[in-house]
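If you want the building blocks of each chain, they are given just below.
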Amino acid sequence: MVATPRPRWTFRRPSVIPGFGFTFGYTLTCLGLIVLLPLAGLVVKASGLGLSGIWDVATDPRVASALRISFGVSAVAALVASVFGFLVAWVLTRYRFPGRKLVDAAVDLPFALPTAVAGIALASLYAPDGLLGAPLARLGIQAAYTPVGIFIAMVFIGLPFAVRTVQPLIAEIDKEIEEASATLGATRIATLTRVVLPPLIPAVLTGFALAFARGVGEYGSIIFIAGNLPYVSEIAPLLIVIKLSEFDYGGAAAIATIMLGISFLTLLAINLIQAWSRRRFGYV
């Protein structure tokens, strides 16, 4: 019996369309100039403070509070946006109803609206005397000028990412698979968890990552509804702007570098989980 040699891994895979060298070099050049070079400049600027200086900035109570609010609220908002985004995508894909195309188009409104317009609209709606804020105030819930308002704004801007990443994959799932599962006696919950969700998990994680990243870096739609109170509702991007207005460029670069590091590690963990889910459920 002759052993079949294992295929050797190669950097360049065969392709019918030529031009790998040019396109790969062009890709690396654009990535370096547009993404990596500015980030490297940011790190270099922050390194002027030294490790001890960056640590002092990171452990400053006001900075630490702003970072906790930005990343903590972003994670919760991205999780909620992922759940509701999946439901919205399912309804838009699987059901036909009057006004479906209008609802489908409305999902993209946070993409099109200027962030300041979105922030003013949310602040006016959820203010204590606003259309939605007044009923919440009677229930003892203050949305505007608190972390709750930040959460609302982040869900608003993150929902389109959660919907659009899952919607195409839902459309590709064959309904006959669900019908076969029901024919074999599976309950609706079993069909959902064992048939429908596994191929959608990577897309859901992608939507979560995009919503999280957008929430962490968002500024315009949050500052109007947040209240911007130190230690209460002040976000890290606003603190960077404050540092810049005070001509503290080193401090601003240090906060931005800390956010960059935390964001990179978080997105790396999400991508590793995403890759594991693809291997686990056979969607490589």
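Going by the annotation in an unreviewed UniProt entry, the name recorded for the protein chain is Sulfate transport system permease protein CysT, with Methylobacterium mesophilicum SR1.6/6 given as the source organism. Per UniProt, the comment on the protein chain under Subunit (unreviewed entry) is "The complex is composed of two ATP-binding proteins (CysA), two transmembrane proteins (CysT and CysW) and a solute-binding protein (CysP)."

Q: Account for the pattern of salt bridges, with residues named and values stated.
A: Counted according to the given criterion, the structure contains five salt bridges. Two residues, D104 and R164, come together in a salt bridge whose shortest N-O distance is 2.7 Å. Of this pair, D104 sits in helix α4 (residues 100-106) while R164 sits in helix α8 (residues 147-172), and the two are 60 residues apart along the sequence. The exposure class of D104 is partly exposed, given its relative accessible area of 22%. Take R164: its relative accessible area is 25%, and that puts it in the partly exposed class. With a shortest N-O distance of 3.7 Å, K243 and D248 are connected by a salt bridge.

Q: Would you mind going over a nonpolar patch on the surface in detail, with residue names and values included?
A: A surface patch of nonpolar side chains, about 810 Å² in accessible area, is lined by F24, L28, L31, L33, I34, V35, L36, L37 and L39. Within the element layout of this structure, L37 appears in helix α1 (residues 20-47).

Q: Please give an account of the side chain of S221 that cites residues and values.
A: Note that S221 resides in helix α12 (residues 220-226). Judged by its relative accessible area of 0%, S221 falls in the buried class. If sequence neighbours within four positions are ignored, S221 has contacts with T115, A118, G119, L122, A153 and I157.

Q: Outline unusual backbone geometry, supporting the account with residue identities and numerical values.
A: Glycine aside, the phi torsion of most residues is negative, and most peptide linkages are trans. Of note in the backbone geometry, N228 takes a positive phi value of approximately 55 degrees without being a glycine. Tracing the sequence through the fold places N228 in the loop between α12 and α13 (236-245). Taking relative accessible area as the criterion, N228 reaches 26% and is therefore assigned partly exposed. Although it is not a glycine, Y231 sits at a positive phi angle of roughly 70 degrees. Looking at the element boundaries, Y231 is found in the loop between α12 and α13.

Q: I'd love a proper account of the packing of helix α3 (residues 61-94) against α13, names of residues and values included.
A: Viewed as axis vectors pointing N to C, α3 and α13 meet at an angle of 140 degrees, and their least axial separation amounts to 8 Å. The angle between α3 and α13 falls in the class oblique. Residues R62, V63, A66, L67 and S70 of α3 form the contact with α13, whose own contacting residues are A236, P237, L239 and I242.

Q: Please provide a residue-by-residue account of the side chain of S74, values included.
A: One can find S74 in helix α3. Relative accessible area serves as the criterion here: at 1%, S74 is assigned to the buried category. Among the polar contacts listed, one links the side chain of S74 to the backbone oxygen of S70, at a separation of 2.5 Å. In this structure, S74 is in contact with I69, M154, F212, G215 and V216, ignoring residues within four places of it in sequence.

Q: Could you give an account of the environment of E172, naming the residues involved and the relevant values?
A: Mapping E172 onto the fold places it in helix α8. Considering only alpha carbons, one finds E172 and G99, 73 residues apart in sequence, at a separation of 23 Å.

Q: For helix α11 (residues 201-217), give the residues involved together with the corresponding values.
A: The terminal C-alpha atoms of α11 lie 24 Å apart, and with 17 residues this matches the ideal 24 Å at 1.5 Å per residue to within 8%. Among the residues making up α11, those that are buried are P202, A203, L205, G207, F208, A209, A211, F212, G215 and V216. Each element contacted by the buried residues of α11 is listed here: α3, α8, α12, α13 and α14 (249-280).

Q: Let's hear about the UniProt feature "domain: ABC transmembrane type-1" (unreviewed entry) in the protein chain: which residues, and what values?
A: The feature "domain: ABC transmembrane type-1" (unreviewed entry), as annotated in UniProt, sits at residues 67-270 in this numbering. Helix makes up 77% of residues 67-270 and strand 0%. Its end C-alpha atoms lie 19 Å apart.

Q: Outline the UniProt feature "transmembrane region" (unreviewed entry) in the protein chain, supporting the account with residue identities and numerical values.
A: Residues annotated in UniProt with the feature "transmembrane region" (unreviewed entry) correspond here to residues 20-44, 69-93, 105-127, 139-163, 195-213 and 249-273. In residues 69-93, helix accounts for 100% and strand for 0%; the two terminal C-alpha atoms are 35 Å from one another. Its end C-alpha atoms 27 Å apart, residues 105-127 is made of 78% helix and 0% strand.

The rules behind each value
- Residue positions are counted from 1 within each chain, in the order its sequence is given.
- Totals for whole chains, interfaces and linings use all residues, but because this is a predicted model, local features are given only for residues with pLDDT of at least 70 and pairs of side-chain atoms are given and counted only at 80 or more.
- Only heavy atoms go into the side-chain values, all of them from the structure, while hydrogens and water stay out.
- UniProt positions are given in the numbering used here, feature names are shortened, and annotations may be inferred rather than shown by experiment.
- Criterion for a salt bridge: a side-chain nitrogen of Lys or Arg within 4 Å of a carboxyl oxygen of Asp or Glu.
- Every helix listed is a DSSP run of H or I at least four residues long, and every strand listed is a run of E at least two residues long, numbered separately from the N terminus.
- Type-normalised accessible area, obtained with a 1.4 Å probe on protein chains alone, sets the label of each residue: buried when under 20%, exposed when over 50%, and partly exposed for intermediate values.
- Like-charged residues within 9 Å of one another, or nonpolar side chains (Val, Leu, Ile, Met, Phe, Trp, Tyr) within 5 Å, are grouped into patches, provided each residue has over 30% relative accessible area and no salt bridge.
- All accessible areas in this document rest on Shrake-Rupley with a 1.4 Å probe, and a residue is counted as covered only by the protein chains that are shown.
- Contacts are assigned to residue pairs that have any heavy atoms within 4.5 Å of one another.
- The axes used here are C-alpha line fits, helices contributing only the stretch in contact, and every angle between their N-to-C directions lies in the interval 0 to 180 degrees.
- Working rule for angles: under 35 degrees goes down as roughly parallel, over 145 as roughly antiparallel, 65 to 115 as roughly perpendicular, anything else as oblique.
- Side-chain atoms alone can form a polar contact between residues adjacent in sequence; in general such a contact is a pair of N or O atoms within 3.5 Å, and within protein one must be able to donate a hydrogen while the other accepts it.
- Multiplying 1.5 Å by the residue count of a helix minus one yields the expected span of that helix.

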